Amino acid sequence: MLSNNDGCVIARSNEAKALGIDMGAPWHLNREKFEREGVFVRSSNYTLYGDLSRRVMQVLARFAPELEIYSIDEAFMSLAGIADPVVLMRHAQAAVLKEVGIPVSIGIAPTKTLAKVANRIAKKTPGTGGVLALVSETEQVAALAGIKLTDLWGLASRMEARLRDIGVTTPLRFRDTDPKWIRSQFGVVMERMVLELQGIPCLELELEQADRQTIMSSRSFGRQVVKLTDMQEAVASYISRAAEKMRKGGLVTPALQVFVTTNRFREQDRQYTGQHTVHLPVATSDTTRLIRAALHCVERIWQPGLSYKKAGVVCLDLHRAETVQGTLFHAPDSPERVQLMAGLDALNKRYGRGTVGFAAGGLKQPWALRSEQKSAAYTTNWAELLQA
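Each value, and the rule that gives it
Residues numbered from 1 in each chain as written. Predicted model: local features only at pLDDT ≥ 70, side-chain atom pairs only at ≥ 80, totals over all residues. Heavy atoms only, no water. Pairing = 2+ DSSP bridges. Helix = DSSP H or I, 4+ residues; strand = E, 2+ residues; numbered from the N terminus. Contact = heavy atoms within 4.5 Å. Salt bridge = Lys/Arg side-chain N within 4 Å of Asp/Glu carboxyl O. Buried < 20%, exposed > 50% of the residue type's maximum accessible area, 1.4 Å probe, protein only. Arc of directions from axis to C-beta.

A. Region of interest: the pairing of strand β1 (residues 67-71). Alignment of β1 against strand β2 (residues 74-77), held across four bridges, turns out to be antiparallel. For E68, the partnering residue across the bridge sits in β2 and is F76. Where β1 folds back onto β2 in an antiparallel hairpin, the turn is made up of two residues.

This is how it looks when you write it as structure tokens:
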């Protein structure tokens, strides 16, 4: 799979790995090789991924009373009181494969951190059948002995270097270090990691997702942007998407930021990064108001004569829409505007994103991302259903 704008390889199948295709390999430099080897290449397709993720989570929710959706492709489940969790999870794995067509790997352990270790091994070890339980200490020790420090969930290479400096070179040695001493040197997060590796749960399931504090919508352009009108269209399109996400979560923003940047890889060009933040008179999720504010930001940071590679918008300090209070001169979004935005979102949800939009976002959008290898939206668009 390719990154945004068909830039480089960001995901590989086992077959692609066997061919020696490196993570991060530039698409334009390897195109002939991929075609010669018969490699199927796909552009990023977030609409399809999001829908398949939702379907997977719906299936998993049937197999446990509590489910935490951690990310688009990860979840934690509570198996407390289950007599044979391995058998149950093999049923869950089979159900996901049958109903969604997605192979999944499952790790079972008394803590989240150990479950991530079990999942990693299950995914990479064919003999497990994609499901592995690390219940006993003997099983946990054997698993930790076979991985590296950076294989641990949340342990980055910079932290690994600090641990190595004090003689902690393996996950097992890290597990056996005094948690209180680790806390004094590295903080409470690392202390919890040690305790979790020892089988002591420190991270509970988060069954309700907290409201987001910010929403960002940004993209690299499919071609260099040199015209102000193209930049305005792009930013208007991005803020429209961010506003839709806010309304979906029942949120509003009192401030937004717009940023633009040139292509740092074109060393012959003059480089520039600009950003501007505007505070709104009253918090809103109305796309019309937000577009007006975002275009004001563009005018403040635009510098003619440059070739821009990327732009984005960030909605700041999000809070619940029902908590908004007006001022003497500015009222919150009116019921009529709220209803209008809800109708727009409903049409786009029913008939596909972009069915109804704002003219400020442009029609042809020549600046849009390149997605020449994009698969169809098989599960969300009637016009792109799989044909047999």
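B. A look at the environment of S307. Its location among the elements puts S307 in the loop between α12 (287-301) and β8 (308-316). Taking the C-alpha atoms as reference, S307 lies 12 Å from F265; in sequence the two are 42 residues apart. Contact partners of S307, with chain neighbours within four places excluded, come to Q224, V225, V226, T262, N263 and D269.

C. Up close: the pattern of salt bridges. For the structure shown, the criterion picks out 18 salt bridges. Across the pair E35 and R31 runs a salt bridge whose closest N-O atoms are separated by 3.6 Å. Note that E35 and R31 are positioned in helix α2 (residues 27-37) at a spacing of four residues, about one turn of the helix. For E35, a relative accessible area of 54% corresponds to the exposed category. Here R31 falls in the partly exposed class, since its relative accessible area comes to 33%.

D. Molecular detail of α2. What α2 keeps buried is the set W27, N30 and F34. Along the axis of α2, the buried positions cluster into a sector of 80°, meaning they face one direction only. Exposed residues pointing more than 90 degrees away from the buried face of α2 are listed as H28, L29, E32, E35 and R36.

E. Looking closely at helix α10 (residues 188-197). Judged by how many residues are buried, α10 sits mostly within the fold: seven of ten residues are covered. Listing the buried residues of α10 in full gives M190, E191, M193, V194, L195, E196 and L197. In this structure, the buried side of α10 is in contact with α5 (112-124), α6 (137-145), α7 (157-165), α8 (171-175) and α9 (179-186). In the stretch just after α10, G199 is the one whose phi turns positive, near 90°.

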